[in-house]
Amino acid sequence: MSASTLFSQQKVNSFKHELLLDIKMACREPSFFIPTLAFPLMFYVFFGLLFSDMGKGQTSTYLLVSYGVFGIMSPALFGFGASVASERDKGWLAIKQLSPVSPWQYIAAKLFNALIFASVIVVGLFTLGAVFGDVLLSTWQWLSLAALLMLGTLPFCALGLAVGFWAKGKSAVAILNLIFLPSAFLSGLAIPVIMFPQWLQQVAAVFPPYHLSQLGLKIVDMSLGQPALIHIAFLVVTLIIFSVIAMKGYQRSLAN
Amino acid sequence: MKKTLITACVLCLFAAFFMMLPSPPSAAKQANITIISDAKVFDGERWLGIRDVAFKKSMILEVAENLKQKYVDANIVDGSNQYLIPGLIDAHTHAWDDALTQAVKFGVTTELDMFTNNIFASVQREMREQHDSDIGQADLFSAGTLVTAPKGHGTEYGFKIATIDDYTKADTFVVDRINEGSDYIKIVYDASNRHMPSIDKKTLTAVIKASHQQGKLAVVHISDYQSAFDAINAGADGLVHGFMTKIDVEALATTMAENKQFMIPTLSILASMMGQDRSKQLINDFSAGSRFNIDASKFNVKELVPQLTGLRGKHNRAGVFKQAQVNMAALAKAGVMILAGTDAPNPGTAHGISLHGELELLVECGLSENQALMAATSNVAKAFKLAQRGYIKRDMKADMVLLSKDPQLDISHTRAIVKVFKNGYEINANKQKFSDKLTNSVKLGDFDKDLVSAFKTTWQPTSDQRFGGNSQISIKGEHKDKRQYLAMKGEVNATFSYPWAGAFSSFSLDNKKAVNLEEIKTISFDAKGSEGKYKLMIFSTKQLMRPIEVEFDVNEQWQKKTLSISQISPVLLSSVTGIAIVAATPNSHFELMIDDVWLNH
């Protein structure tokens with residue numbers, strides 16, 4: 001075995017360890033994973049299934065998309081961002097920075113973890129919608145929606161990470177909550193945007209969840225009809241900006 | 001190894017999960033797709049072999065094999081052991097009355113009219129745009145008013161048309177025709193000036209040039225070689241008749257072939273002129289006991305017999321007719337594009353049915369069966385630049401004819417009609433016969449609450465505007481002197497040849513369903529208004545050009561008007577789609593009030 005393959009093998013191993021460690025930690029913290037998984041499903045059951053009497057799966061399809069976005073946001077913001085903040089508070093981050101785990105592996109493991117959570121939420125929501133909500137979509141639509149929600153976690157991960165590196169542990173959670181709930185609501189995840197007054201509809205367009213949900217609604221032919229490229233561009237720009245901010249935050253924490 | 005297995009299992013579970021998620025019933029059923037399956041398909045140019053043809057509403061989606069598997073929930077029309085050809089196009093007719101419903105029964109789904117009243121043509125152009133409706137008739141393209149000299153051919157039919165006497169007027173004349181809606185320009189030209197006055201060569205050339213400047217085709221009616229020669233050299237796009245002059249046509253043929261100028265020989269009408277009765281076999285083939293296993297009740301060919309056997313020429317001049325076929329054969333051989341046209345409904349011909357005779361006459365000249373089929377499908381579409389017609393291909397109109405016998409073996413097999421599809425709907429010729437007979441008096445409108453009629457339709461303003469006139473009208477319900485009535489206000493301007501403005505009551509919501517008024521003796525109503533002459537118009541599907549009109553006068557006092565309609569031909573009354581009460585003499589301002597309109601038994 002040559003030195004380089006040995007080296008890369010080590011890299012893979014440390015990434016695996018890091019990932020498993022992260023998952024184990026999340027699982028040992030039911031106060032995190034239960035609400036993260038249960039909230040979007042519970043909201044969907046209430047608003048998408050029980051209270052939707054519009055029939056024919058219209059409401060349940062619309063809300064499947066919006067609670068899907070809602071669902072993937074919380075592991076991305078909290079599982080990712082807030083946990084970085086608290087780990088830094090506890091000194092974990094400093095240890096990690098000294099360990100053979102590279103910062104990229106550390107981030108990648110967290111990201112992967114967020115994706116696993118997102119996929120569990122997606123599977124749960126899809127099952128509820130399909131079994132109880134009369135949601136009928138072509139296999140292509142189901143798959144694209146799932147893929148979109150997975151990809152859509154990325155900008156929120158970046159946002160969470162940026163807050164996590166800059167804010168202190170407890171305040172990170174508070175700040176993220178302040179971002180999470182209002183932006184989810186104002187993006188029309190709970191109440192469709194078209195029901196907003198005109199000025200509020202325009203406000204919605206500055207929040208990333210709005211753009212992600214519009215992309216999702218495009219897949220099920222329920223979007224407001226704005227060009228998909230605008231939504232994609234907005235999300236990509238969000239991802240880049242917050243990644244840069246997060247990177248600066250990480251460098252700052254190294255310097256301290 | 002173990003980890004790969006786990007990963008594979010997880011992936012499989014995901015795949016299974018997504019496969020299990022419910023999908024709507026496949027798009028086919030919702031979108032109402034029909035497949036004509038397993039027929040041998042002629043696509044307008046060549047035989048494709050056994051194919052499925054899928055269409056959605058009026059458009060062909062796909063022509064391929066095994067489409068039943070692709071559109072699992074589609075309606076299937078079994079075409080096995082049958083032959084599917086594009087809806088036929090008759091490239092030379094004169095259409096009015098029920099021409100288009102007649103034509104479609106016989107598989108003719110588009111007619112190119114070469115001169116009719118332009119009001120009829122305007123109405124039919126609107127119908128032609130209703131791609132997704134079950135219109136139950138052929139589409140019409142029309143030259144509208146033809147281009148002829150004063151007292152020339154075309155002026156002898158009893159209604160006044162514009163004529164041209166000087167080549168300098170060509171531009172405005174052509175623009176006028178186009179404003180009337182002409183789809184192409186048809187010119188009458190006779191170099192010899194023998195039978196009736198004709199425009200001269202200079203005018204011919206100027207009109208053709210003007211048409212081309214306006215982006216329209218110019219086709220020329222000729223009846224001898226010299227006229228054909230002049231028209232072709234003047235740049236005509238095509239000739240709409242053959243000729244019977246005994247002459248070497250090689251020079252003409254070469255020019256036409258080189259410049260892609262087409263020929264519509266109309267052998268059917270030439271045969272009729274030369275006393276050649278070819279109707280017997282044609283009538284038999286569409287009658288009960290036909291050699292083809294057809295449903296004769298669909299064609300009701302009996303009513304066409306007088307027309308088909310009443311030839312224009314009483315003397316048998318077989319030799320002269322033969323010359324027309326010889327000339328045609330020489331043109332075809334030189335590569336001139338031949339289009340099938342009948343000149344129906346001139347004596348000896350009828351809409352639809354005669355095209356099958358024309359195809360046979362073309363094959364007699366030496367065209368192959370496939371060339372004859374092309375002459376009635378893709379050639380016409382190409383020559384006249386008709387979009388979406390003449391082919392069985394993706395994105396073409398679903399106008400098709402299903403035959404039980406192979407027309408490659410014998411062109412007369414185009415008569416073995418099993419089904420005709422127009423706009424994707426199967427033509428059911430029988431259903432057109434029903435119209436409800438009104439057997440008691442009906443109060444068509446009392447206007448007490450609203451303008452809704454006894455047939456649940458609302459009285460509507462109507463004027464000549466849809467035909468290019470500029471009369472004005474507004475109507476509303478009014479309440480005055482303890483009376484509620486319909487009040488009209490408007491002006492009648494003489495721009496249009498018979499102007500009108502008034503109120504229209506349709507007998508059905510789509511204005512297509514007719515009511516039989518044979519048992520109705522009078523139409524009565526109360527009226528008052530600006531003093532003058534007014535008209536009751538009755539719209540019949542059997543009318544020739546204009547609606548039935550009954551005059552009445554009005555003064556400033558309410559008066560009961562009782563208009564007898566018992567003198568009107570029962571045929572016209574058997575199929576009435578609505579009536580209108582209108583002002584019809586030019587008038588800068590009129591007011592007319594009507595109340596309690598009755599159809600009296």
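Quick word on the overall build of chain A
Inference 1: In terms of regular secondary structure, chain A is built from 10 helices and 0 strands.
Inference 2: Starting at the N terminus, the α and β elements of chain A follow one another as α-α-α-α-α-α-α-α-α-α.
Inference 3: Considering chain A as a whole, with its 256 residues, one finds that 47% of them fall into the buried category.
Inference 4: Taking contacts inside chain A between residues at least 6 apart in sequence as the whole, the part at least 24 apart equals 76%.
Inference 5: Counting only carbon and sulfur atoms, one obtains 74% of the accessible surface of chain A, whose full area is about 12,700 Å².

Digging into the packing of aromatic side chains
Residue and element names in this part refer to chain B.
Inference 1: Applying the stated criterion across every chain, the model contains 30 aromatic pairs over all chains.
Inference 2: Geometrically, the ring pair formed by Phe17 and Phe18 is edge-to-face, given 5.4 Å between the ring centres and 80° between the ring planes.
Inference 3: Given a relative accessible area of 9%, Phe18 falls into the buried group.
Inference 4: Aromatic side chains Tyr225 and Phe243 sit 5.8 Å apart centroid to centroid with 70° between the ring planes, which places their arrangement in the edge-to-face category. Of this pair, Tyr225 sits in helix H8 (residues 225-233) while Phe243 is found in the loop between strand S11 (238-239) and helix H9 (250-258), placing the two residues 18 residues apart along the sequence.
Inference 5: With a relative accessible area of 10%, Tyr225 lands in the buried category.
Inference 6: On the accessibility criterion, Phe243 (2% relative accessible area) is buried.
Inference 7: Note that Arg177 overlies the ring of Phe173, its terminal NZ or CZ placed 4.5 Å from the centroid.
Inference 8: Above the face of the Trp558 ring, Arg483 is positioned so that its terminal group lies 4.1 Å from the ring centre.

As for the interface of chain B and chain A
Inference 1: Across the contact, 9 residues belong to chain B and 14 residues belong to chain A.
Inference 2: When chain B packs against chain A, the two sides together hide about 970 Å² of surface, and 76% of this comes from carbon and sulfur.
Inference 3: Looking at the side of chain B facing chain A, the largest losses of area belong to Phe17(B), Phe18(B) and Pro22(B), adding up to 50% of the total buried there.
Inference 4: On the surface where chain B and chain A come into contact, there are 0 salt bridges.

Quick notes on the environment of Asp295(B)
Residues and elements named next belong to chain B.
Inference 1: If you trace the backbone, Asp295 turns up in the loop between helix H11 (279-285) and helix H12 (305-309).
Inference 2: The exposure class of Asp295 is partly exposed, given its relative accessible area of 38%.
Inference 3: In this structure the C-alpha to C-alpha distance between Asp295 and Val418, which are 123 residues apart in sequence, comes to 7.8 Å.
Inference 4: Separated by 2.7 Å, the side chains of Asp295 and Ser297 make a polar contact.

Regarding the sheet that holds strand S7 (residues 108-113) of chain B
All names here are of chain B.
Inference 1: Within the open sheet, the 3 strands sit side by side as S6-S7-S8. Their pairing is parallel. Looking along the sheet, the strands with just one partner apiece sit at the ends: strand S6 (88-93) and strand S8 (139-142). Within the sheet, the average angular offset between the axes of one strand and its neighbour, ignoring direction, is 20°.
Inference 2: Pairing of S7 with S8, which is carried by 4 bridges, proceeds in the parallel orientation. Looking across to S8, one finds that Leu112 is bridged to Phe141.

A word on the environment of Leu362(B)
Residues and elements named next belong to chain B.
Inference 1: Along the chain, Leu362 turns up in helix H14 (residues 353-364).
Inference 2: The class for Leu362 is buried, based on a relative accessible area of 0%.
Inference 3: With 30 residues separating them along the chain, Leu362 and Ala332 place their C-alpha atoms 9.9 Å apart.
Inference 4: Apart from the residues lying within four places of it in its own chain, the contact partners of Leu362 are Pro265, Leu267, Met328, Ile338, Ala340, Leu367 and Ala375.

The rules behind these values
Residues numbered from 1 in each chain as written. Chains lettered and ligands numbered in written order. Predicted model: local features only at pLDDT ≥ 70, side-chain atom pairs only at ≥ 80, totals over all residues. Heavy atoms only, no water. Helix = DSSP H or I, 4+ residues; strand = E, 2+ residues; numbered from the N terminus. Buried < 20%, exposed > 50% of the residue type's maximum accessible area, 1.4 Å probe, protein only. Contact = heavy atoms within 4.5 Å. Areas by Shrake-Rupley, 256 points an atom, 1.4 Å probe, with all protein chains shown as cover. Phe/Tyr/Trp six-rings, centres within 6.5 Å; stacked < 30°, edge-to-face > 60°. Lys NZ or Arg CZ within 6 Å of the ring centre and 35° of its normal. Buried area = accessible area lost by both parts, 1.4 Å probe. Salt bridge = Lys/Arg side-chain N within 4 Å of Asp/Glu carboxyl O. Polar contact = N/O pair within 3.5 Å; in protein donor to acceptor, adjacent residues only side chain to side chain. Pairing = 2+ DSSP bridges. Axes fitted to C-alpha atoms, helices over the stretch in contact; angles between N-to-C directions.

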